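Here's the letter readout for the chains.
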Amino acid sequence: MSIRVLYFASVSEAIGLTAETIDLPAHVTTLGALRQHLGARHPALLTTKNLRAAVNRHMCDWDATLDDGAEVAFFPPVTGG
Amino acid sequence: MHAVSVQEADFDVGAEIAALCAADVEAGAVASFVGLVRADKLSEQKLGAGDAAAVLSMTLEYYPGMTESALNDIVAQAQSRWRLRRVRVIHRVGRLLPGERIVFVGVSSAHRHDAFAACEFIMDYLKTRAPFWKKEETPHGSRWVEARDTDDVAAARWD
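Quick caveat, the model's predicted, so the values are computed rather than measured.

Asker: Whenever I open this one, the interface of chain A and chain B confuses me. Can you help?
Answerer: One widely used convention gives an interface's size as the accessible area the parts lose upon coming together. On the side of chain B, 25 residues touch chain A, which itself brings 18 residues to the contact. Counting each side, the surface lost to burial between chain A and chain B is near 1700 Å², with a carbon and sulfur contribution of 59%. The largest share of the area that chain A buries against chain B comes from A:V78, A:T79 and A:G81, three residues that together contribute 37% of it. For the pair chain A and chain B, the number of links is one salt bridge. Here B:K135 makes a salt bridge to A:E13, at a shortest N to O gap of 2.5 Å. Inspection of the region where chain A meets chain B yields 10 residue pairs in polar contact (both at pLDDT 80 or more). Those elements that place two or more of their residues in the side of chain A that touches chain B are α1 (9-15), β4 (58-59) and β5 (71-75) of chain A. Looking at side-chain class alone, the side of chain A that touches chain B contains 10 nonpolar, five polar and three charged residues.

Okay, here's the thing in structure tokens:
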């Protein structure tokens, strides 16, 4: 199963990437598990305060499930307006 | 009827307000909000004691595709809560200087209460749910603006 992962703002800056395509191990089925999995390579995913995430462009909780081809994004709390 | 725009270009406040009630004799009220880059704004991360760095510029990043759909969703929620005629949301991205406009929210309705309330609701939800991130440039370097707890409190009063 392959997914696209996007990073924004301070998270993107800390990781040094704006996007990557990931082949998921079978045990990584939720957003929270993906965060832990990628956190081994990108510590900012584990240390960013109040990290947020979206699946297919909708904000999701960590128990959200991932499907093949999903677009996942990790970012800090929003500061627009 | 509503429209949402995420753009680098500035906008004409007068023209936007006029468009909210043009050829609509049932509109009795238009409420609007304009957000600006504040010159003296310090981010919530404190600088050293006695340090008073002014913001030189602000750069706004967004999530193309998701940002627009998040704004459309917020407007749809406002339309389900109040009786609205037209809604217009414009949010600028890219590098902006102090005094420049960042955001416009305009709402028309038959009576003022709906327009006032919906305008404030849209701003409160935009601040906490729409994917935009601000980076400030100061004489001491650049830094990402941190989210404010007071914005969460403001959004939570609509729950």
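Asker: Before we go on, may I ask you to explain the sheet that holds strand β4 (residues 86-92) of chain B in this structure?
Answerer: Within a sheet, neighbouring strands are paired by backbone hydrogen bonds and run either parallel or antiparallel to one another. Residue and element names in this part refer to chain B. Strand order in the open sheet formed by four strands is β1-β4-β6-β2, and the pairing between neighbours is mixed. Two strands bound the open sheet, and with one partner strand each, they are β1 (2-7) and β2 (29-36). Sheet twist, expressed as the average angle between the axes of neighbouring strands with direction ignored, equals 5 degrees. When β1 meets β4, the two strands line up parallel, connected through six bridges. Counterpart to V4 in the pairing with β4 is V89. Sheet contacts for helix α1 (residues 13-21): β2, β4 and β6 (101-109); angle to β6, the most-contacted strand, approximately 20 degrees. Helix α2 (residues 66-81) rests against β1 and β4 of the sheet, and its axis sits at about 150 degrees to β1.

Asker: Help me out: how do you make sense of the nonpolar core in this one?
Answerer: A general tendency of soluble globular proteins is for nonpolar side chains to be buried together. With 34 residues, the main nonpolar core has B:W82, B:V89, B:V105, B:V107, B:F121 and B:I122 as its most contacted residues. Where this core is concerned, the elements lending two or more residues are β2, β3 (57-62), α2, β4, β6 and α3 (112-129) of chain B. Leave out the neighbours within four places in its chain, and B:V89 touches B:A3, B:V4, B:S5, B:L71, B:V75, B:F104, B:V105, B:I122 and B:L126. By size, the runner-up hydrophobic cluster in this structure holds 21 residues, among which are A:I3, A:V11, A:I15 and A:A64.

Calculation criteria
- Residues numbered from 1 in each chain as written.
- Chains lettered and ligands numbered in written order.
- Predicted model: local features only at pLDDT ≥ 70, side-chain atom pairs only at ≥ 80, totals over all residues.
- Heavy atoms only, no water.
- Contact = heavy atoms within 4.5 Å.
- Buried area = accessible area lost by both parts, 1.4 Å probe.
- Salt bridge = Lys/Arg side-chain N within 4 Å of Asp/Glu carboxyl O.
- Polar contact = N/O pair within 3.5 Å; in protein donor to acceptor, adjacent residues only side chain to side chain.
- Helix = DSSP H or I, 4+ residues; strand = E, 2+ residues; numbered from the N terminus.
- Nonpolar A, V, L, I, M, F, W, Y, C, P; charged D, E, K, R; others polar.
- Pairing = 2+ DSSP bridges.
- Axes fitted to C-alpha atoms, helices over the stretch in contact; angles between N-to-C directions.
- Core = buried A, V, L, I, M, F, W, Y, C linked by side-chain atoms within 4.5 Å.
- Buried < 20%, exposed > 50% of the residue type's maximum accessible area, 1.4 Å probe, protein only.

These values are about where atoms sit, not about what they do.
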